[in-house]
Amino acid sequence: MGRITIFSADGCPHCKRVKVALSVRDIPFVEVSLTKYPKKRQDMLALSDRVSTPQVFFNTRHVGGADETISLLETWDKDKKQAYASPYERYMAEIGNHFDPTNPRLSLPEEAPVELEAGPDRGKEELSVVLPNGKAATVVETTELLKKILRSGDAVQKMKKQKMSFTGKQAVCAFSTQFCVSEEKAIAFGVQLQKKQILNSIRNGSQFDNSEHLFRMQCYSAPDILNSYRIWTESTVIDPLHLMNRLIHMMNQIEAMVTDDHGSIDYEKAVLLPLYNVFEERVCELQVVSFKCMDDKTKTAFGINLYNLMIKYAFMKVGAGTNGYRRYLFYNQVKFYVDQHVFSFQDWENGVLRGNRKAPFAFGLQFDNNDPRLDWIVKEPDCRLHFGLNCGARSCPPVSTYSADSLEDDIAMAALSFCEDDHNVFVDAEKKELHLSTIFSWYKIDFAQRTSELPGAVLKFLRRMKHQDLDRMIDAGDSIKVVFKPYDWNTNASNVKPFDPSQLKTCKRSIQGLLGGSKHLQENDLAQFEE
C-alpha cells in the first residue's frame, strides 16, 4: 500500500504544521524523525536535494516542505472538478491504492532510535527538604508550595520598594497555618529554607525569625537571571552535553504542548504547565557545568544550543521585545548563569561564541581586557555559527540541535539550509544583484573584510542554480550589487507578553518611603494567610 512519508525533526514547528494539515483531512502518513534517526538525513538529502525539514513525499514523488504540501492540500480542498468526495478519497486513489515505494531511501528505519541519555541519579539530594509535617520534598515541590502560601508582595523599607518580599513574621504565620505547627517549628522550617537558599534575607544577612526582617524567595531574587529558580548545590557529576540534550528535549515537550495547528506558540500558557516548573529547576544545573575547559568545537556546539534554548525560555519567562529599543534591552539585560558566571545574550553571542568581537552598532569589544570571562571565549570562531543562532525572530535560521562529534556536518547543513531559502539569499543574475539577509551586514566582519567580498564568501554556502549563477557572475568579473533584505522581527508566538525591563529589578526608589520613612507598607497583610 502506498504512503506519505515525512522527514521531520523534533521540535520543528513546520513539521507540526504539515502533520496537522494531513491529520485534519484524515490522511495517514509515516514520519521519519531525523532527530531519532540521524543517518536518514543523507537519504532525505539525496531524495529531495534539500537540507531543511520537513520534506514530504507522496509515494516516490517529492512534494516539498510544509508550505508546498499545505498549498497542495488546500488545492485538493478547493478543486470542485475533482471526482473525489474528500481529500482522503483522493489520497487513496492517487497514493494509498498504489504499491509501497521501493526506493530504499524511503524505507522506514530498522535500527533502534537514538535514545536520550538519562540524567544522573540525584538520590536523596533531590528530596532535600523536610517539611514541618515530617515529609520529604524536592526543591521544586517546596518552592511551588511556598509560592502559594506566602503570596509575596511589595514592602517599603528605607525609601526602597522591595518587590516580591515578606517579613519573617508573615512567613511564620503562613507556615503555622499551612502545616498546623507551633511557632517554634515554623521558625525552624524557615531557618532550614534559608540554609538551603530557598529563601534569602534581603538586608544584612538576617537569620530567619519571627520578626519584621524582610525575606524573598530565591526564585524571585534575581529576576534578570533566567536560571535563578534555585542555587544548584547538589554534588552529582554533570555532563554538560548530556544535560543540554535533556534540557532541549524538555523544552521541546513544553513547546509541543502549547503549539497550535499553525505552528505558533503560546508562550504565556507554557509557564502554567507543571513541566515548566521542572524545567525551571533543572536548567539551574547550568550554573555549575564546566564550560571553560571545553575545546572550541564543544564550546560552539554547546554554546549555540544554549543560546537557542535560553531565547525560548526568556520568551516564556520575561516576554519578547516589541520594538527596537526593547529588543536592545532584552538582549543586553536578560541574563543566564553558566559555569559560575553571568552572561547576557549579547555577552554569549559576541563575547563567547564570536571570540570577543564588537556587537553590531557597538563601539568596543564585548568584554574588556579585565573581564574574567575572557577565559571562556571560543578562540577560533566559525562564521557559520550565525546560521545556527536563533534570536526568536522570523528571519532567524531554524533551530537545530548541534553535537560536538558531528559539528562540522551539522553546521555545514545549517549553512546550506539557511542559504537555499530565497528569503535569506537570492541571486538575481539578470540584474547582477545578490540579495542577502541582514545577518551578513551586521556580522560582515565574520564573513569578509568588505561588502564587495561578500559574494565570494557566500558562494561556498550555495548549491545548484544559485551557486552556478553567482559563480558565473564572479568569474565574469561582473560588478555585483549587494542588497541587504529587511529583517523580519516578528516571532512565532500566538501569545507572548511584551518584555518590560522594569520587571528585571527587585527594588526601586519609593515615594512612599520618602513620605513614610522605613515603615513597612506591605500590600498583603497577615490576614491573607488565614483561610
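Note that the structure is a prediction, hence the values are computed from the model and not measured. Within every chain, residues take consecutive numbers counted from 1 along the sequence as written. Since the coordinates come from a predicted model, pLDDT governs what is reported: local features require at least 70, and pairs of side-chain atoms require 80 or more to be given and counted, while whole-chain, interface and lining totals use all residues. Hydrogens and water molecules were not included; the side-chain quantities draw on all heavy atoms of the structure.

**Digging into empty space enclosed by the protein**
Consideration 1: Using protein atoms alone on a 1 Å grid, points that fit a 1.4 Å probe yet trap it form a cavity, whereas open point sets bounded by protein on both sides within 12 Å along at least five of seven lines form a pocket; residues with an atom within 4 Å of a point count as lining. Grid points are joined across faces, edges and corners, and a volume is the space filled by probe spheres set on the points. Applying the stated criterion to the full structure yields two cavities of 30 Å³ or more.
Consideration 2: Estimated volume of the largest cavity: approximately 80 Å³.
Consideration 3: If you go around the largest cavity, the residues you meet are Phe-315, Ala-320, Gly-321, Arg-327, Phe-330, Tyr-331, Cys-391, Gly-392, Ala-393, Trp-489 and Thr-491.
Consideration 4: In terms of residues, the lining of the largest cavity owes the most to one element, helix α12 (residues 324–333), which gives three residues.
Consideration 5: Of the residues belonging to the lining of the largest cavity, the class tally is seven nonpolar, three polar and one charged.
Consideration 6: In this structure, the second largest cavity spans a volume of roughly 50 Å³.
Consideration 7: Looking at the second largest cavity, the residues that line it are Val-139, Thr-143, Gln-197, Ile-198, Met-217, Gln-218, Cys-219, Tyr-229 and Arg-230.
Consideration 8: In this classification, Asp, Glu, Lys and Arg are treated as charged, Ala, Val, Leu, Ile, Met, Phe, Trp, Tyr, Cys and Pro as nonpolar, and every other residue, Gly included, as polar. Of the residues assigned to the lining of the second largest cavity, the class counts are five nonpolar, three polar and one charged. By definition, any uninterrupted DSSP run of H or I lasting at least four residues is a helix, any uninterrupted run of E lasting at least two residues is a strand, and each is numbered from the N terminus.

**Notes on the sheet that holds strand β16 (residues 481–484)**
Consideration 1: Pairing between two strands requires that DSSP report at least two bridges joining them. In space, the three strands of this open sheet follow the order β14-β15-β16, with mixed pairing throughout. A strand with exactly one partner marks an edge of an open sheet, and here the two such strands are β14 (425–428) and β16. Ignoring strand direction, the axes of neighbouring strands in this sheet form an average angle of 20 degrees.
Consideration 2: Direction of pairing for strand β15 (residues 433–436) relative to β16: parallel, over a ladder of four bridges. Paired with Leu-434 across the bridge in β16 is Val-482. Throughout, an axis means a line fitted to C-alpha atoms (over the contacting stretch in the case of helices), and angles, computed between N-to-C directions, take values from 0 to 180 degrees.

**Quick look at the UniProt feature "domain: DUF547" (unreviewed entry) in the protein**
Consideration 1: Mapped onto the present numbering, the UniProt feature "domain: DUF547" (unreviewed entry) falls on residues 292–418.
Consideration 2: Along residues 292–418, the helical share is 42% and the strand share 6%, with 30 Å between the first and last C-alpha atoms. UniProt positions are given in the numbering used here, feature names are shortened, and annotations may be inferred rather than shown by experiment.

**Focus: the packing of helix α5 (residues 139–150) against helix α6 (residues 168–179)**
Consideration 1: Two numbers describe how α5 lies on α6: the axes approach to 10 Å, and their chain directions differ by 105 degrees. The orientation of α5 with respect to α6, classified from their angle, is roughly perpendicular. Counting all contacts with α5, which are made through Leu-145, Leu-146, Ile-149 and Leu-150, the residues of α6 involved are Ala-171, Ala-174, Phe-175, Gln-178 and Phe-179.
Consideration 2: Counted by class, the contact of α5 with α6 contains eight nonpolar, one polar and no charged residues. The scheme is simple: roughly parallel for angles under 35 degrees, roughly antiparallel for over 145, roughly perpendicular for 65 to 115, oblique for anything else. Contacts are residue-level and defined by heavy atoms, with any inter-residue pair within 4.5 Å sufficient.

**Side note on the environment of Ala-414**
Consideration 1: Relative to the helices and strands, Ala-414 is located in helix α14 (residues 407–420).
Consideration 2: The sequence separation of Ala-414 and Pro-398 amounts to 16 residues, and the corresponding C-alpha distance is 8.2 Å.
Consideration 3: Every residue in contact with Ala-414, bar those within four places of it in the chain, is listed here: Phe-387 and Tyr-402.

**Overview of the side chain of Glu-433**
Consideration 1: Assignment of secondary structure puts Glu-433 in strand β15.
Consideration 2: Only protein chains enter the accessibility calculation, which uses a 1.4 Å probe; a residue is then buried when its area is under 20% of its type maximum, exposed when over 50%, and partly exposed in between. Only four residue types enter the charge count, namely Lys and Arg as positive and Asp and Glu as negative; His and the chain termini do not. Just to be clear on terms, a salt bridge is a Lys or Arg side-chain nitrogen sitting within 4 Å of an Asp or Glu carboxyl oxygen. Here Glu-433 sits buried without a salt bridge, and the closest side chain of opposite charge, Lys-481, lies 4.3 Å off (N-O distance).
Consideration 3: A polar contact of 2.8 Å, which involves the side chain of Glu-433, links it to the side chain of His-435.
Consideration 4: When sequence neighbours within four positions are dropped, the list of residues in contact with Glu-433 reads Phe-426, Val-427, Asp-428, Met-473, Ile-480, Lys-481 and Val-483. Polar contacts here mean pairs of N or O atoms no more than 3.5 Å apart (in protein, one a potential hydrogen donor and the other a potential acceptor; neighbouring residues in sequence count only if both atoms are side-chain atoms).

**Points about the side chain of Asn-390**
Consideration 1: Position of Asn-390 relative to the elements: it lies in the loop between α13 (345–353) and α14.
Consideration 2: Residue Asn-390 is classed as buried on the basis of its relative accessible area of 13%.
Consideration 3: Among the polar contacts made by the side chain of Asn-390, one reaches the main-chain amide nitrogen of Gly-392 at a distance of 2.8 Å.
Consideration 4: With residues up to four places along the chain from it excluded, the contact list for Asn-390 reads Tyr-307, Asn-308, Ile-311, Cys-396, Pro-397, Pro-398 and Val-399.

**A word on the pattern of salt bridges**
Consideration 1: This structure, assessed with the given rule, holds 30 salt bridges.
Consideration 2: Two residues, Asp-224 and Lys-335, come together in a salt bridge whose shortest N-O distance is 3.7 Å. Residue Asp-224 is found in the loop between β10 (214–217) and α8 (240–257), and its partner Lys-335 is found in strand β12 (residues 335–338); the two are separated by 111 residues along the sequence.
Consideration 3: The class for Asp-224 is partly exposed, based on a relative accessible area of 22%.
Consideration 4: Lys-335 sits in the partly exposed class, given a relative accessible area of 23%.

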